[in-house]
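Residue strings, one per chain:
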Amino acid sequence: VQLQASGGGLVQAGGSLRLSCAASGRTISSYSMGWFRQAPGKEREFVAAIFRRGGNMYYADSVKGRFTISRDNAKNTVFLQMNSLKPEDTAVYYCAADQFLILSSIATSNAYDYWGQGTLVTVSS
């Protein structure tokens with residue numbers, strides 16, 4: 001499966017953005033999906049995940065209550081709605097997919113087999 005992330009941009013603190021991750025080649029209904037981010041000089045970190053079965057969602061503590069992950073299997077797209085953005089949310093955001101993701105591995109980037117190219121989110125103070 002090929003993944004294409006989009007929707008990043010420049011936004012003021014307190015604003016909102018919605019990221020999209022469009023899949024091609026395979027239907028995303030076969031995959032659990034995740035979002036990660038990487039700020040300058042920092043390691044890639046987990047943001048959110050949604051499982052292929054049941055659609056259970058999980059979030060990093062730093063974004064819980066502000067970000068929402070969702071999937072539209074008909075559009076073959078996963079979304080990340082980001083509200084109440086903070087300057088510390090500034091990063092390149094990546095979407096990822098895996099067919100056999102397990103709960104204990106959702107925050108581990110190596111658990112995901114497929115990655116999009118990233119989209120830059122910049123939050124100004």
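Scroll up to find the structure.
Residues numbered from 1 in each chain as written. Predicted model: local features only at pLDDT ≥ 70, side-chain atom pairs only at ≥ 80, totals over all residues. Heavy atoms only, no water.

Chemist: Any chance you could explain unusual backbone geometry here in plain terms?
Modeler: Keep in mind that most residues, glycine aside, have a negative phi and that most peptide bonds are trans. The backbone phi angle of Asn76 is positive, close to 55°, even though this residue is not glycine. Within the secondary structure layout, Asn76 lies in the loop between strand S7 (67-72) and strand S8 (77-82). Located in the positive-phi region is Ser84, a residue other than glycine, with phi close to 50°. Relative to the assigned elements, Ser84 resides in the loop between S8 and strand S9 (91-98). Taking the relative accessible area as the measure of exposure, Ser84 reaches 41% and is therefore partly exposed. (Helix = DSSP H or I, 4+ residues; strand = E, 2+ residues; numbered from the N terminus. Buried < 20%, exposed > 50% of the residue type's maximum accessible area, 1.4 Å probe, protein only.)

Chemist: Sorry, what's going on with the environment of Met33 here?
Modeler: Mapped onto the elements of the fold, Met33 is located in strand S4 (residues 32-38). Taking the C-alpha atoms as reference points, Met33 and Asp98, 65 residues apart in sequence, are found 6.5 Å from one another. If we skip the residues at most four places from it in the chain, Met33 touches Leu3, Cys21, Ile28, Ala48, Ala49, Ile50, Ile69, Arg71, Val78, Ala96, Ala97 and Tyr112. (Contact = heavy atoms within 4.5 Å.)

Chemist: Help me understand the nonpolar core in this model?
Modeler: Within soluble globular proteins, side chains that are nonpolar tend to cluster in buried spots. Membership of the largest hydrophobic core comes to 39 residues, with the highest contact counts inside it found for Met33, Trp35, Leu80, Met82 and Tyr93. Going through the elements one at a time, strand S1 (2-6), strand S3 (17-24), S4, strand S5 (45-50), S7, S8, S9 and strand S11 (119-124) are the ones with two or more residues in this core. Residues in contact with Tyr93, not counting those within four places in the same chain, are Ala5, Leu19, Trp35, Phe36, Arg37, Val47, Phe67, Leu80, Met82, Gly118, Thr119 and Val121. (Core = buried A, V, L, I, M, F, W, Y, C linked by side-chain atoms within 4.5 Å.)

Chemist: What's the story with the environment of Arg44 in this structure? I'm lost.
Modeler: Relative to the helices and strands, Arg44 resides in the loop between S4 and S5. On the basis of relative accessibility, which here comes to 33%, the residue Arg44 falls in the partly exposed class. Setting aside chain neighbours within four positions, we find Arg44 in contact with Phe36, Arg37, Gln38, Tyr94 and Trp115.

No statement about biological role is implied by the geometric values presented.
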